[in-house]
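Topology and contacts: notes
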Amino acid sequence: MTDIWSVDDHLADVLASVRPLEPIELSLPEAQGCVLVEDVTVPAPLPPFDNSSMDGYAVRTADVDGAGPEYPAVLTVVGDVAAGSAEPPTVAPGQAARIMTGAPLPPGAEAVVPVEWTDGGTGGGPADAMSAHAADPSGAGGEVRVHRAVRAGQYVRRRGSDVGAGTLALRAGTVLGPPQLGLLAAIGRGSVPVRPRPRVVVMSTGSELVPPGEELGPGRIHDSNSYVLAAAARDAGGQVYRVGAVADDADSLRAAVDDQLVRADVLVTSGGVSVGAYDVVKEALGGAGAGPGEEPMAWGGGVEFRRLAMQPGKPQGFGLIGPDRVPLLALPGNPVSAYVSFELFVRPVIRALMGCADVHRPRVRAVVRLDDAGPLASPEGKRQFLRGAYRPPSAPGGTGEVRPVGGAGSHLIAALAQADSLIVVPESRTRVDDGDELDVVPLG
């Protein structure tokens, strides 16, 4: 086994063990955030009929040709056309129909005059709005004076002007957000085949951990990792189950993992993966993950623990466990190490399970600004991930700037909360100077 793994080799090994989840049919609300698995075509034109884009009057263009404030065209109103009208009145020469936004253009009409270009049937000056039909039913009849001409098709949404029948609406591989769900609903799809959001179980380990909101005793700290990692997993697209902190006891951890496997597509732990005497994750899950008296492979293969050439996040664990060979990623316990490790390894796994075409966050080049600070040291042979505040370029094609936030310590969670990116210092670099250009991973 390789003594020291590179970041790239570890990630490649992890992703090689992960396959996208099987597709299922989900209703539109349940499909939000999921990846579509087949192309969707438009079954009928959208909109399905010519309709008005304004509240106003449906007219024949010849009847309002040359109309102006001094010499308005006077038309007879033959009725109302509301949205959802099934049998609108026919507009004959010299006539108009009062029409609402979204209502079908009535037979004979060629355009819509906005109500503001008319007297609204009042016989006075330009109208601001129509009177409510319930309060004044007479507005559906009488006469209307039109103060401006319109051309054919003006303020009319033509049938199929959005998309035509047979048009490709969404491609397979599309992540379904609000606009995509709106389009699916508009073309009449109540459900779609997608890969479901992966079920991500997150648990912290450590007898020193106390839930937020509870009083701390001597030597105790609040559990922040499970909240950070659960939020990050949710942001990545997962359906998250956060488990309370597990004490430093191998049997307890094995029992907790066993309990969670039934609802996990991926399981994430933090803490207990280094070389200490109380690193319970290594004790409980290492090798084949066998408990006392169990056969070495009875627990489903176990977790391999590795040292990576990176900072922070050197100790990592990965394996496929249980009868369904669920991926388990064991991350370090220091808060910054855990979060950086999540971004590098867990997030791509979640995206791979979803079936996303690109599982990685995009990278950009940026100029490092150190202001009055001196050069930054970086360990030789290790890829360092500094927390940064990134400012995009002011013009297209330009290069942004990034400033390190906080120090290199893996416990500095306050500084992590101020960062919006990771600055990637390659293994070959031992020093970063002001003005150097490096890769940056924006986290937004």
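Note that the structure is predicted; figures quoted are calculated from it, not measured.

1. Description of the sheet that holds strand β3 (residues 35-36)
The antiparallel open sheet is built from 3 strands, whose spatial order is β2-β13-β3. Edge strands, defined here as strands with exactly one partner in the open sheet, are β2 (24-27) and β3.

2. Quick look at the nonpolar core
In this structure, Met310, Leu329, Phe342, Phe345 and Ile350 are the most contacted members of the largest nonpolar core, which totals 44 residues. When contributions to this core are tallied by element, the ones reaching two or more residues are α1 (7-16), β14 (199-205), α5 (225-236), β18 (266-270), β21 (315-321), β22 (326-331), α8 (335-354) and β27 (421-425). Looking at this core, the element that brings in the most residues is α8, giving 13 residues. Leave out the neighbours within four places in its chain, and methionine 310 touches Val7, Val340, Leu344, Phe345, Lys382, Arg383 and Phe385.

3. A look at the sheet that holds β18
Pairing in this open sheet of 7 strands is mixed, and the strands run β1-β19-β21-β22-β18-β14-β17 from one edge to the other. Here the strands that pair on one side only, and so sit at the sheet edges, are β1 (4-5) and β17 (239-246). Relative to β18, β14 runs parallel, the two sharing 5 bridges. Bridging from a neighbouring strand, serine 204 pairs with serine 270 of β18. The sheet contacts of α8 involve β14, β18, β19 (303-308), β21 and β22, and relative to β22 the element is tilted by about 170°.

4. Side note on the side chain of glutamine 384
Locating glutamine 384 in the fold gives a position in strand β25 (residues 383-391). Assessed through its relative accessible area of 3%, glutamine 384 is described here as buried. Polar side-chain contacts of glutamine 384 include one of 2.9 Å to the side chain of serine 378.

5. Here's the deal with the confidence of the model for the chain
Counting all residues, the mean pLDDT for the chain is 90, and 93% of those residues have values of 70 or more. Contacts from residues 288-298, a stretch scored under 50 in pLDDT, to residues over four places away or in other chains number 16 contacts.

6. Looking at the pattern of salt bridges
Evaluated as defined, the whole model comprises 22 salt bridges. Ionic pairing is found between aspartate 371 and arginine 403, a salt bridge with its closest N-O pair at 3.1 Å. Residue aspartate 371 is found in the loop between β23 (364-368) and β24 (376-377), and its partner arginine 403 is found in strand β26 (residues 400-404); the two are separated by 32 residues along the sequence. By relative accessible area, which is 52% here, aspartate 371 ends up exposed. Put simply, Arg369, Asp371, Arg391, Glu401, Arg403 and Asp434 are held in one network by salt bridges that share partners.

7. Examining the pairing of strand β13 (residues 191-195)
Where β2 meets β13, 4 bridges bridge the pair, whose relative direction is antiparallel. If you follow glutamate 25 over to β13, its bridge partner there is proline 193. Two elements, β3 and β13, share 2 bridges in a ladder whose sense is antiparallel. Bridging across to β13, valine 35 finds its partner in arginine 195.

8. Points about the pairing of β18
Within β18, 5 of the 5 residues are buried, which leaves the element mostly enclosed by the surrounding structure. Across the two faces of β18 the burial is the same, with Val266, Val268 and Ser270 and Leu267 and Thr269 all buried. In terms of strand pairing, β18 meets β22 through 4 bridges, oriented parallel. Bridging from a neighbouring strand, valine 268 pairs with leucine 329 of β22.

Conventions we followed
- Residues numbered from 1 in each chain as written.
- Predicted model: local features only at pLDDT ≥ 70, side-chain atom pairs only at ≥ 80, totals over all residues.
- Heavy atoms only, no water.
- Pairing = 2+ DSSP bridges.
- Helix = DSSP H or I, 4+ residues; strand = E, 2+ residues; numbered from the N terminus.
- Core = buried A, V, L, I, M, F, W, Y, C linked by side-chain atoms within 4.5 Å.
- Buried < 20%, exposed > 50% of the residue type's maximum accessible area, 1.4 Å probe, protein only.
- Contact = heavy atoms within 4.5 Å.
- Axes fitted to C-alpha atoms, helices over the stretch in contact; angles between N-to-C directions.
- Polar contact = N/O pair within 3.5 Å; in protein donor to acceptor, adjacent residues only side chain to side chain.
- pLDDT = per-residue confidence, 0-100.
- Salt bridge = Lys/Arg side-chain N within 4 Å of Asp/Glu carboxyl O.

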